[in-house]
Amino acid sequence: TTTTTTTKFMERFVMNWSFEDPVVGRGNMSDSLTSWTTVRAGAFDPTGTGAFLTAVPHGSQVAYLVGGRLEQFISGLTGRPGDQVVLSFHIGQSLLEPSFNAVRAALYFTGTSNFLLASKDITASDVIPGRFVKFTLDAVIPLTAQSGEFVVVFSSLESTNVKSFVDDVAISSGPILLKPFENWSFESPKVNTTESFFTIGVDSWSTSGIAGVLVPTSAEYTNGVSPDGDQSMFLSPSGGVSSASTTSNSSLFSLLGGEIVTATFEVGFRLDITFANLRVDLTASTNSTLIASKSISVSDVVQGEFTTFQVSGSVPLSLAGEALTITFTTLTARGQVNIDAILVSRSA
């Protein structure tokens, strides 16, 4: 399956993100919030009121909505096509309220005429009376969009006098790293370490020459571990050429003409074997049109360690709809090279 990870985690681009301004004092409320556009909303300090069984997520104050709306344009954070955006926040249900007024959290993107990137309705079944619950929204900015900024909106779903509460709002945006290749960290086939620390063959990869997976130890690497998981791939030319290639799952990853694809991967130089120089190619799956290539020699790596490399290229318009193939080929007739943790990012 394809999963994603962000390269950057939650940052405080949201102004007045824990609703401490204006200061209202213990047990009091205001009908406004600094840096937020409010309608029937404001700040509340629940200290000493018995509204919540635990401390609020951050600071002493929270925002309240009473059939209302909170909105903020997020300045200082620019989203780009292909970036992943993550919004986190806490929603609370007060013990002083007779019920929970459902809240809709929405994240808009200005790069496409206030395009709705993501939204979530938080209802009574999602919260716990007397407590705050954390929620997240995440979305990917379409590659067809322009660069832009974000608008965060919290709104009540019922126009009643029942209050709901918001706190600790954070947002991040940055390139996402995809895992479009099966067996991207070479955990299959599983090596039986009671018998050996390597095995020939790499599941989901087409190989030639001598190729397989190994479990790194302190005899091969200073820290004795693989960059991701327990295993890494090895290519050992042994007098010839060894290669390994795999193609992305085309149902999950189809190239767009004009986009930039970047493969990130780890290359290891063992302590006990000479390094086999390597070439890495990114090609289209059906006609092998070259998108990008990179050669790696012994001068580029550190013995006993894995080094991170990238290869990046622009996709010709004619390759739209193709899957992406990555191929590793040894360039020397002796030694070994280890490879691990292959990820891909996309940008316009």
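Residues numbered from 1 in each chain as written. Predicted model: local features only at pLDDT ≥ 70, side-chain atom pairs only at ≥ 80, totals over all residues. Heavy atoms only, no water.

Asks: I'd like a description of the sheet that holds strand β11 (residues 206-208), backed by residues and values.
Replies: Whether parallel or antiparallel, the strands of a sheet pair through hydrogen bonds between backbone atoms. Spatial ordering of the open sheet is given by β11-β14-β19-β16-β17, a layout of five strands whose pairing is antiparallel. Looking along the sheet, the strands with just one partner apiece sit at the ends: β11 and β17 (290-296). Across the sheet, the mean angle from the axis of one strand to that of its neighbour is 10°, orientation sign disregarded. Looking at chain direction, strand β14 (residues 243-247) and strand β19 (residues 324-330) are connected through five bridges and run antiparallel. Each bridged residue has a counterpart across the sheet, and for Thr 246 the counterpart in β19 is Ile 326. (Pairing = 2+ DSSP bridges. Helix = DSSP H or I, 4+ residues; strand = E, 2+ residues; numbered from the N terminus. Axes fitted to C-alpha atoms, helices over the stretch in contact; angles between N-to-C directions.)

Asks: Describe the pairing of strand β16 (residues 278-284), and please don't skip the residues or the numbers.
Replies: Of all the seven residues making up β16, six are buried; the element is thus mostly covered by neighbouring parts of the structure. As paired elements, β16 and β17 share six bridges and run antiparallel to each other. Its bridge partner being in β17, Arg 279 is matched across the sheet by Ser 295. Linking β16 back to β17 in an antiparallel pair, the connection comprises five residues, with Ser 288 at a positive phi of about 60°. (Buried < 20%, exposed > 50% of the residue type's maximum accessible area, 1.4 Å probe, protein only.)

Asks: Give a detailed account of the confidence of the model for the protein, specifying residues and quantitative values.
Replies: Per-residue confidence for the protein averages 90 on the pLDDT scale, and 95% of its residues sit at or above 70. Mean pLDDT in the protein bottoms out at strand β1 (residues 4-6), which sits at 34, and peaks at strand β2 (residues 37-44), which reaches 98. Note on residues 1-10: pLDDT is under 50 here. Beyond four places in sequence and across chains, it has 34 contacts. (pLDDT = per-residue confidence, 0-100. Contact = heavy atoms within 4.5 Å.)

Asks: Outline the pattern of salt bridges, supporting the account with residue identities and numerical values.
Replies: Overall, the coordinates contain eight salt bridges when judged by the stated rule. Two residues, Asp 121 and Arg 104, come together in a salt bridge whose shortest N-O distance is 2.6 Å. Within this pair, whereas Asp 121 is found in strand β6 (residues 115-122), its partner Arg 104 is found in strand β5 (residues 103-109), the two being separated by 17 residues in sequence. Residue classification places Arg 104 among the partly exposed residues on the basis of a relative accessible area of 36%. Measuring nitrogen to oxygen at the nearest pair gives 3.6 Å for the salt bridge that ties Lys 190 to Glu 187. With a relative accessible area of 54%, Lys 190 lands in the exposed category. Residue classification places Glu 187 among the partly exposed positions, given a relative accessible area of 21%. (Salt bridge = Lys/Arg side-chain N within 4 Å of Asp/Glu carboxyl O.)

Asks: Lay out a nonpolar patch on the surface with the relevant residues and their values.
Replies: A cluster of nonpolar residues, Phe 198, Ile 200 and Ile 210, forms a patch on the protein surface that exposes about 290 Å² of accessible area. Using a relative accessible area of 46% as the deciding quantity, one classes Phe 198 as partly exposed. (Patch = residues over 30% accessible without salt bridge, like charges linked within 9 Å, V, L, I, M, F, W, Y side chains within 5 Å. Areas by Shrake-Rupley, 256 points an atom, 1.4 Å probe, with all protein chains shown as cover.)

Asks: Break down the packing of aromatic side chains for me, citing the residues and quoting the values.
Replies: Throughout the structure, instances matching the rule amount to 15 aromatic pairs. Seen in terms of ring centroids, Phe 19 and Trp 36 are 5.3 Å apart; in terms of plane orientation they differ by 40°. Their pairing is tilted. Of this pair, Phe 19 sits in the loop between β1 and β2 while Trp 36 is found in the loop between β1 and β2, placing the two residues 17 residues apart along the sequence. Judged by centre distance (5.2 Å) and plane angle (40°), the rings of Phe 186 and Trp 205 are tilted. Taken together, the positions of Phe 186 in the loop between β9 (164-178) and β10 (198-200) and Trp 205 in the loop between β10 and β11 put the pair 19 residues apart, joining distant regions of the chain. For Phe 186, a relative accessible area of 0% puts it in the buried group. Among the aromatic residues, ring-to-ring pairing joins Phe 19, Trp 36, Phe 89, Phe 135 and Phe 154 into one connected group. (Phe/Tyr/Trp six-rings, centres within 6.5 Å; stacked < 30°, edge-to-face > 60°.)

Asks: If you had to explain the side chain of Gln 93 to someone new, which residues and values would you point to?
Replies: Along the chain, Gln 93 falls in the loop between β4 (83-92) and β5. Gln 93 has contacts with Ala 51, Phe 52, Ser 99, Phe 100, Val 127, Ile 128, Pro 129, Gly 130 and Arg 131, leaving out every residue within four places of it along the chain.

Asks: Help me get a handle on unusual backbone geometry, residues and values and all.
Replies: For the bond from Asp 21 to Pro 22, the omega torsion is 5°, close enough to zero to count as cis. Looking along the chain, the bond that leaves Ser 188 and enters Pro 189 is cis, with omega of 5°. Mapped onto the secondary structure, Pro 189 falls in the loop between β9 and β10. Although it is not a glycine, Ser 238 adopts a positive phi angle of roughly 45°. Positionally, Ser 238 belongs in the loop between β13 (232-236) and β14. Phi at Ala 341 takes a positive value of approximately 55°, unusual for a residue other than glycine. By the secondary structure assignment, Ala 341 is in strand β20 (residues 337-347).

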